[in-house]
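Architecture at a glance
Below, each chain spelled out in residue letters.
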Amino acid sequence: MITLADLFSNEIFLLAAKVSLLALQLMYAVFAFIVLRQVGLMHRTFQTSFGILFKSLALIHFLGVVFLILLSVFLL
Amino acid sequence: MKIIYSSYISNPKNVCFDGEDNDEQVLLILRKHFITNLGWILIALFIFNLPEFAFFILKLNGVTDFSFLPLSYRFVLSFFWVLVSFGFFFSEFLTWYFSVYIVSTKRVVDIDFSGFMHRRFSEALLTNIQDLTHQISGVSQIVFHYGTLFIQTAGEKQEIEFESIPSPAKAQDFISDLTRGVKKDLGTGNFGDEKSVEGKTQ
């Protein structure tokens, strides 16, 4: 019987896991970019004093995803 | 600070909207009642805690040692999950925060960002408002005192709806008084009197 430990010591399985994880992260990066653009549109439509805070959070969120993708490429 | 959590804001400061005139002033901002966010807040909490549930189920099935998962994978997966949870919470909050109903000295505006990738901007001049009706129905709306205000207009778009707003009767009264005042200033006003009601129902 194959255990989880066996699976994670298999090179092919690890490569497949890495590629799948990167594909998920790339899809999420697209979502994070849409959020970033949408926050800009929202702020133009209705401006409040918290608009800059939301734009900054959206940018940090997007940069976080980009950092994670780079981290995954080099770390996994 | 009140603007970040409140759903009924009178005379807001440092607020403006797309297309606002220089001589126009925002008098009232309304949003959906905060209780309407309960669904996505519970989903966000569930998503955030999903790994805990997964570990719990694995433990129930006899998997107690997670050392088989390389440390790098554990770190990347945890980081990714935190970002996904935050992303869901953030996008849902922004949809609620920026979907507002505005009453200004000249018009009523409905800005709708439903579904996060959709924007609808409807407006009606105060002088075009013909009839106001509010509706409170259902257990949740009665308990938390919120409902929908229907604004009938003479414009191309016949009706603007202020959905799930707190104190709809108070908002109706405010817009009604404002409209009457504006129409009186223009010398066209008979808003809300018996004649206009009869004229509409016949």
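Residues numbered from 1 in each chain as written. Chains lettered and ligands numbered in written order. Predicted model: local features only at pLDDT ≥ 70, side-chain atom pairs only at ≥ 80, totals over all residues. Heavy atoms only, no water.

What about the pattern of salt bridges?
Residues and elements named next belong to chain B. Put simply, the rule is: Salt-bridge detection follows one rule: a side-chain nitrogen of Lys or Arg within 4 Å of a carboxyl oxygen of Asp or Glu. Note on conventions: DSSP H or I runs of at least 4 residues are helices, E runs of at least 2 residues are strands, and numbering of each starts at the N terminus.
Applying the stated criterion across every chain yields a total of eight salt bridges over all chains. The partner of glutamate 123 in a salt bridge is arginine 107, and the shortest N-O contact between them spans 2.7 Å. Of this pair, glutamate 123 sits in strand β6 (residues 120-125) while arginine 107 sits in strand β5 (residues 107-112); the two residues are 16 residues apart in sequence, bridging distant segments of the chain. One network of salt bridges, with partners in common, ties together Asp21, Asp23, Glu24, Lys106, Arg107 and Glu123.

Some words on the sheet that holds β5(B)
Residue and element names in this part refer to chain B. Which entries qualify depends on this criterion: Pairing between strands requires that DSSP locate at least two bridges from one strand to the other. Between N-to-C directions, angles cover 0 to 180 degrees, with each direction set by a line fitted to C-alpha atoms, over the stretch in contact for helices.
Strand order across the open sheet formed by five strands is β1-β3-β4-β5-β6, with antiparallel pairing between neighbours. Among the strands making up the open sheet, the edge pair consists of β1 (8-10) and β6. Taken over all neighbouring pairs, the strand axes of this sheet differ in orientation by 15° on average, direction set aside. Two strands pair when backbone bridges link them, and β5 and β6 are joined in this way by six bridges, in the antiparallel orientation. The residue of β6 that forms the bridge with aspartate 110 is serine 122.

As for the interface of chain A and chain B
Under the convention used in this document: Only heavy atoms enter the contact rule, under which two residues are in contact if any of them lie within 4.5 Å. When two components associate, each loses some accessible surface as probed by a 1.4 Å sphere; the sum of these losses over both components is called the buried area. Counting of polar contacts relies on pairs of N or O atoms within 3.5 Å, with two restrictions inside protein: one atom must be capable of donating a hydrogen and the other of accepting it, and residues adjacent in sequence are counted only when both atoms are side-chain atoms.
Contact with chain A, which involves 37 residues of that partner, is made by 41 residues of chain B. For the pair chain A and chain B, the summed buried surface comes to about 3500 Å²; carbon and sulfur atoms form 84% of the total. On the chain A side of the interface with chain B, the three residues burying the most area are A:Met42, A:Thr45 and A:Phe46, jointly 21% of the side's total. In this structure, the connection of chain A to chain B is made through zero salt bridges. Our enumeration of links across chain A and chain B arrives at six residue pairs in polar contact (both at pLDDT 80 or more). Elements with a contribution of two residues or more to the side of chain A that touches chain B: α1 (4-8), α2 (11-45), β1 (46-47) and α3 (51-75) of chain A. In terms of residue count, α2(A) provides more of the side of chain A that touches chain B than any other element does, 17 residues in total.

Structural notes on the packing of α2(A) against helix α2 (residues 71-98) of chain B
Short version of the rule: Angular relationships are summarised with four words: roughly parallel below 35 degrees, roughly antiparallel beyond 145, roughly perpendicular across 65 to 115, and oblique for the angles in between. Handedness of a crossing follows from how the near helix is turned relative to the far one, being left-handed for an anticlockwise turn of less than a right angle and right-handed for a clockwise one.
Between α2(A) and α2(B), the least distance of the axes is 11 Å, while the angle of their chain directions is 25°. Comparing the axis directions of α2(A) and α2(B) gives the class roughly parallel. Where α2(A) crosses over α2(B), the handedness of that crossing is left-handed. The residues of α2(B) that touch α2(A), namely those facing A:Leu14, A:Ala17, A:Lys18, A:Leu21, A:Leu24, A:Gln25, A:Tyr28, A:Phe31, A:Val35, A:Val39, A:Met42 and A:His43, are B:Tyr73, B:Val76, B:Leu77, B:Phe80, B:Leu83, B:Val84, B:Gly87, B:Phe90, B:Ser91, B:Leu94, B:Thr95 and B:Phe98.

Observations regarding the side chain of A:Gln25
Among the structural elements, A:Gln25 can be located in helix α2. At 3.0 Å, the side chain of A:Gln25 forms a polar contact with the side chain of A:Ser72. Residue contacts for A:Gln25: discarding those within four places in its chain leaves A:Val65, A:Leu68, A:Ile69, A:Ser72, B:Val76 and B:Phe80.

Digging into the environment of A:Phe8
Spelled out, the test is: Burial classification: accessible surface area is computed with a 1.4 Å probe over protein chains only, and a residue below 20% of its type maximum counts as buried, one above 50% as exposed, and the rest as partly exposed.
Locating A:Phe8 in the fold gives a position in helix α1. On the accessibility criterion, A:Phe8 (14% relative accessible area) is buried. Through-space distance from the C-alpha of A:Phe8 to that of A:Lys18 is 11 Å; in sequence the pair is 10 residues apart. Those residues in contact with A:Phe8 that sit more than four places away from it in its chain are A:Phe13, A:Leu14, B:Phe68, B:Leu69 and B:Pro70.

With respect to the confidence of the model for chain B
Residues and elements named next belong to chain B. For clarity, the threshold we go by: The pLDDT value tells you how sure the predictor is about a given residue, anywhere from 0 up to 100.
In this model, chain B carries an average pLDDT of 85, and 90% of its residues clear a pLDDT of 70 or more. Strand β4 (residues 101-104) holds the highest mean pLDDT among the elements of chain B, 94, whereas helix α5 (residues 194-201) holds the lowest, 34. In this model, residues 192-202 is a region of pLDDT below 50 whose contacts with residues beyond four sequence positions or in other chains number five contacts. Scored by ipTM, the complex comes to 0.88, with pTM at 0.85.

Side note on the pairing of β5(B)
Residues and elements named next belong to chain B. Counting buried positions along β5 gives six out of six residues, so the element sits mostly inside the fold. With burial as the criterion, each face of β5 is covered, one bearing Arg107, Val109 and Ile111 and the other bearing Val108, Asp110 and Asp112. In this sheet, β5 lies alongside β4 in antiparallel orientation, the contact comprising three bridges. Residue valine 103 lies in a different strand from β5, and its bridge partner there is valine 108. Counting the residues between successive antiparallel strands, the hairpin from β4 to β5 contains two residues.

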